[in-house]
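# Examination of the molecular architecture
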Amino acid sequence: RTKSAKMQRALLLLLCLLPLRAQAFAPYASRSEFLLAPPGSLGTGLQGYANPALLSYAQGLETTLAWSGAPASQWGVFSSFHRLGFGAVHQQETRGEGTRYHLSLGAGDRRLSTGLGYGWSTGGQAQLWVLGGLLRPRPQLSLGGVLAASPSLRSRELSGDLSLRPWGDERLTLFADGARANG
């Protein structure tokens, strides 16, 4: 077995062994709100914040800044260095404000990769573990998936995305994504 295959199996086993109980955590729509397309479709997907498997595409030090004024004032900074990523999203709403932080680690190559992320918050949301996967067998096709759970939750969320790039690059990308929460 290769070192990468062993690491992928260890990451999957770790997430499956987490105890789960019900509370709120940041859902897929919230974790990917600054993206123009699903995480597996374009680039590095907020440097592993939305799907840690995308860190296999990060080259050197990369940083992304994002902000939005509606419906709530929020900003985010996302940075990666090779297969390690960090992100922070600060949100200010009428009912209060808080910051979500996320640390991610990726493994694999440009064809098949996995990643594990851990998130915490100052705004009262539960801690979050994220296991991501990305399959890009050809430049024209991407299939990504994320399983999110919290040590204090009985609910999990599974999200996935499919992207087709007819010309093999990002000039034209057709995509679909979805998420389903359980519990």
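Above this note sits the structure.
In this report, the structure presented in the accompanying data block is examined. Given the structure is predicted, the values throughout are model-derived calculations rather than measurements.

## Some thoughts on the environment of Gly-160
Looking at the secondary structure, you find Gly-160 in strand β8 (residues 156–164). Between the C-alpha atom of Gly-160 and that of Gly-133, which follows or precedes it by 27 residues, the distance is 9.3 Å. Those residues within four positions of Gly-160 in sequence are excluded, and the remaining contacts are Gly-144, Gly-145, Ala-176, Asp-177 and Gly-178.

## Comments concerning the pairing of strand β7 (residues 141–149)
The sheet contact formed by strand β6 (residues 128–138) and β7 spans eight bridges and is antiparallel. From the neighbouring strand, Leu-134 faces β7, where its bridge partner is Gly-144. The antiparallel hairpin formed by β6 and β7 contains two residues in its connecting segment. Sheet topology note: the β7/β8 ladder contains nine bridges and is antiparallel. Each residue of the ladder has a partner; that of Gly-145, found in β8, is Gly-160.

## Considering the layout of surface pockets
By volume, the second largest pocket amounts to about 200 Å³. Here the residues of the lining of the second largest pocket are counted per class, giving eight nonpolar, five polar and no charged.

## A closer look at the side chain of Asp-161
With respect to the helices and strands, Asp-161 occurs in strand β8. Here Asp-161 sits buried without a salt bridge, and the closest side chain of opposite charge, Arg-136, lies 7.0 Å off (N-O distance).

Calculation rules
- Residues numbered from 1 in each chain as written.
- Predicted model: local features only at pLDDT ≥ 70, side-chain atom pairs only at ≥ 80, totals over all residues.
- Heavy atoms only, no water.
- Helix = DSSP H or I, 4+ residues; strand = E, 2+ residues; numbered from the N terminus.
- Contact = heavy atoms within 4.5 Å.
- Pairing = 2+ DSSP bridges.
- 1 Å grid on protein atoms, 1.4 Å probe; cavity = no way out; pocket = protein on both sides within 12 Å on 5 of 7 lines; lining within 4 Å.
- Points joined across faces, edges and corners; volume = space filled by probe spheres on them.
- Nonpolar A, V, L, I, M, F, W, Y, C, P; charged D, E, K, R; others polar.
- Buried < 20%, exposed > 50% of the residue type's maximum accessible area, 1.4 Å probe, protein only.
- Lys, Arg positive; Asp, Glu negative; His and termini not counted.
- Salt bridge = Lys/Arg side-chain N within 4 Å of Asp/Glu carboxyl O.

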